[in-house]
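Spelled out from the first residue to the last, the chains are:
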Amino acid sequence: MDIKYALSSYLNSLNLNCFGFLSFRNFEELRKLLKFKIENNLMTGFEKGEIHERIDPKKIFPYGETIISIAFPYFYEDTDYSKLYFSKYCQSMDYHVIVKGYLNKICAFLKDNFHCEAIGLVDNNILCERHIASLAGIGFIGKNNMLITKQYGSFVFLGEIVTSLKIMEDSPMKSLCGTCLNCIKACPTNSLGGNDPSICLSNLTQSKELNEKWYKFFNNRLWGCDTCQDVCPYNKDIPRGILPEFKPLDHLSLINIDEINNMSNKVFKDKYKISACGYRGKKYLIRNLKINIL
C-alpha cells in the first residue's frame, strides 16, 4: 500500500484537504530568527527554554523521519465589529482540543496500518509550525506573519504529526503577497512591516501587564484581533463551516455583557474556559470588557 496515497485518502475522508509532508531534519536556518526573538523579548519562557530542540527536534523525537503538516479551517461566519466580540479563532470550543482529537485519529490510522511511531502536536510544542507548513507546501507566510493557504486563506489552525515513516516530501510554496500592503496599512497599532510584533492587538488583549495607552485601540475587541486577516485578499470568499467542531458557541458569538462583568468561577469554568480565550483566567476577560465600556 502506498503510504502517501493511503494517508491522503484518509485525511480527505475527515474533510481535511490542506496538508503536506516534510522530511524531519535540522532547522538551522531558524537560528538567526530565534536569536532575534529572544533578544527582543518576543518569545515565551517555554520557547526560550527549548531553542536548541526547536532547531534540532531530533533531540526530542529521535525516531522522526517525516513531519505531516495539516491545516484545519475554522472560518464559520462574519463578525459584527460594531459590537463587543471575540476573535473568530476563539468562538468555538478550544482548538487545541479539537485539533488534537483529529491528530489522534490520524496517528491511530498510521499505527494500525503501517506499524510505525506517530505523535500529534498542536501549537504549544517545539516545532516552528508556520515555517514547517510553508516548507511542506500547504501555504506561505504572509506579511502579517500568518500562514496563508490557497484553499482557506489564513483562517486555519495548524497541527503536525511526527512519524517514523519515510514519506516523500512536498515542495514549498512561494509567497503570493506581491506588492499588497493591506494588512500592514490596516494594523491598528502599526505592529506589522518589521515594526514591533509585541504590540499586535491580539497579543495585547492577552497580556498580563497592559499599558493604558493601548486601551483606545481595543475598539470592541474582547479577545484577539482579526483586522489583518479580514483585509487579506486571500480571505475573500473562502469556504465556510468545513469542520463542524468549529461552529461558534452562542455565548461567544453573541456577547452577554452582564454575564462577563459579573462572572462567577462556575460560569467561567463551564462556558469560557472551554474556549481558546480561557487559558488566562476570567479576570483578563473582565478587564478587557471594562476597557471597552469605559
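All of the points below concern the structure found in this document. (Residues numbered from 1 in each chain as written. Predicted model: local features only at pLDDT ≥ 70, side-chain atom pairs only at ≥ 80, totals over all residues. Heavy atoms only, no water.)

## A closer look at the overall build of the protein chain
Okay, step 1: The helix and strand tally for the protein chain stands at 13 helices and 8 strands.
Okay, step 2: Considering only C-alpha atoms, the protein chain reaches an extent of 60 × 40 × 35 Å along its principal axes.
Okay, step 3: Out of the 294 residues belonging to the protein chain, those deemed buried represent 50%.
Okay, step 4: Partitioning the contacts of the protein chain with sequence separation of at least 6, the portion at a separation of at least 24 is 76%.
Okay, step 5: If you sum the accessible surface of the protein chain, you get close to 14600 Å²; carbon and sulfur atoms cover 51% of it.
Okay, step 6: Looking at charge distribution, the protein chain has the averaged site of its 37 positive side-chain charges lying 4 Å from that of its 31 negative ones. (Helix = DSSP H or I, 4+ residues; strand = E, 2+ residues; numbered from the N terminus. Buried < 20%, exposed > 50% of the residue type's maximum accessible area, 1.4 Å probe, protein only. Contact = heavy atoms within 4.5 Å. Areas by Shrake-Rupley, 256 points an atom, 1.4 Å probe, with all protein chains shown as cover. Lys, Arg positive; Asp, Glu negative; His and termini not counted. Charge placed at Lys NZ, Arg CZ, Asp CG, Glu CD.)

## Here we look at helix α13 (residues 282–292)
Okay, step 1: α13 sits mainly inside the fold: 8 of its 11 residues count as buried.
Okay, step 2: Buried within α13 are the following residues: Tyr284, Leu285, Ile286, Arg287, Asn288, Leu289, Ile291 and Asn292.
Okay, step 3: Summarising the contacts, the buried residues of α13 are in contact with β3 (85–86), α8 (201–206), β8 (221–223), α11 (257–261) and α12 (265–272).

## Section: the packing of aromatic side chains
Okay, step 1: Going through the model one piece at a time under the given rule, you end up with 17 aromatic pairs.
Okay, step 2: Ring centres of Tyr10 and Phe109 lie 4.2 Å apart, and the angle between their planes is 5°; this geometry places the pair in the stacked category. On the criterion of sequence distance, the pair formed by Tyr10 in helix α1 (residues 3–13) and Phe109 in helix α5 (residues 95–114) is long-range, its members being 99 residues apart.
Okay, step 3: With 6.4 Å between their ring centres and 70° between their planes, Phe109 and Phe114 make a pair best called edge-to-face.
Okay, step 4: Residue Phe109 is classed as buried on the basis of its relative accessible area of 16%.
Okay, step 5: Cluster of aromatic residues (ring-pair linked, three or more members): Tyr74, Phe75, Tyr89, Tyr95, Phe155, Phe157 and Phe246.
Okay, step 6: The ring of Tyr102 carries Lys105 above its face, with NZ or CZ at 5.8 Å from the centroid. (Phe/Tyr/Trp six-rings, centres within 6.5 Å; stacked < 30°, edge-to-face > 60°. Lys NZ or Arg CZ within 6 Å of the ring centre and 35° of its normal.)

## Topic: the nonpolar core
One recurring pattern in soluble globular proteins is that nonpolar side chains are buried together.
Okay, step 1: Ranked by size, the top nonpolar core spans 59 residues in total, and within it Ile70, Phe72, Phe86 and Leu110 carry the most contacts.
Okay, step 2: Where this core is concerned, the elements lending two or more residues are α1, β1 (19–23), β2 (66–73), α5, β7 (156–163), β8, α12 and α13.
Okay, step 3: Apart from the residues lying within four places of it in its own chain, the contact partners of Leu110 are Leu7, Ile68, His115, Cys116, Ala118, Ile161 and Leu165.
Okay, step 4: Grouped together as the second largest cluster of nonpolar side chains are 17 residues, Leu30, Ile126, Cys128 and Leu135 included. (Core = buried A, V, L, I, M, F, W, Y, C linked by side-chain atoms within 4.5 Å.)

## Re the pairing of β7
Okay, step 1: Most of β7 sits out of view: 8 of its 8 residues are buried.
Okay, step 2: Along β7, one buried face is formed by Val156, Leu158, Glu160 and Val162 and the opposite face, lined by Phe157, Gly159, Ile161 and Thr163, is buried too.
Okay, step 3: In this sheet, β7 lies alongside β2 in antiparallel orientation, the contact comprising 8 bridges. Within β7, the position partnered with Thr66 by the bridge is Thr163.
Okay, step 4: By the bridge criterion, 4 bridges tie strand β4 (residues 118–121) to β7 in an arrangement that is antiparallel. Each residue of the ladder has a partner; that of Ala118, found in β7, is Thr163. (Pairing = 2+ DSSP bridges.)

## Observations regarding the environment of Phe27
Okay, step 1: Assignment of secondary structure puts Phe27 in the loop between β1 and α2 (31–39).
Okay, step 2: Sequence-wise, Phe27 and Gln229 are 202 residues apart; in three dimensions their C-alpha atoms are separated by 28 Å.
Okay, step 3: When neighbours within four sequence positions are excluded, Phe27 is seen to be in contact with Leu22, Arg54, Ile55, Pro57, Ile67, His131, Ile132 and Leu135.

## Quick look at the sheet that holds β4
Okay, step 1: With antiparallel pairing, 4 strands are arranged side by side in an open sheet as β1-β2-β7-β4. Looking at strand neighbours, the two that pair on one side only are β1 and β4, the edges of this open sheet. Strand-to-strand twist across the sheet, computed as the mean angle between neighbouring axes with direction ignored, equals 20°.
Okay, step 2: Against the sheet, α1 engages β1 and β2, with an angle of about 145° to β1.
Okay, step 3: α5 contacts β2, β4 and β7 of the sheet and is inclined by roughly 30° relative to β7. (Axes fitted to C-alpha atoms, helices over the stretch in contact; angles between N-to-C directions.)

## Looking at the environment of Ile148
Okay, step 1: When you line up the elements, Ile148 lands in strand β6 (residues 147–148).
Okay, step 2: Judged by relative accessible area, which is 1%, Ile148 ranks as buried.
Okay, step 3: For the pair Ile148 and Cys128, spaced 20 residues apart in sequence, the C-alpha to C-alpha distance is 15 Å.

## Let's talk about the packing of α1 against α5
Okay, step 1: For the pair α1 and α5, interaxial distance at closest approach is 11 Å and the crossing angle is 145°. Remark: the crossing between α1 and α5 carries right-handed chirality. Of the residues in α5, those touching α1 at Ile3, Ala6, Leu7, Tyr10 and Leu11 are Lys105, Ile106, Phe109, Leu110 and Phe114.
Okay, step 2: Across the contact of α1 with α5, the residue classes break down as 9 nonpolar, no polar and 1 charged. (Left-handed = near helix turned anticlockwise from the far one by under 90°. Nonpolar A, V, L, I, M, F, W, Y, C, P; charged D, E, K, R; others polar.)

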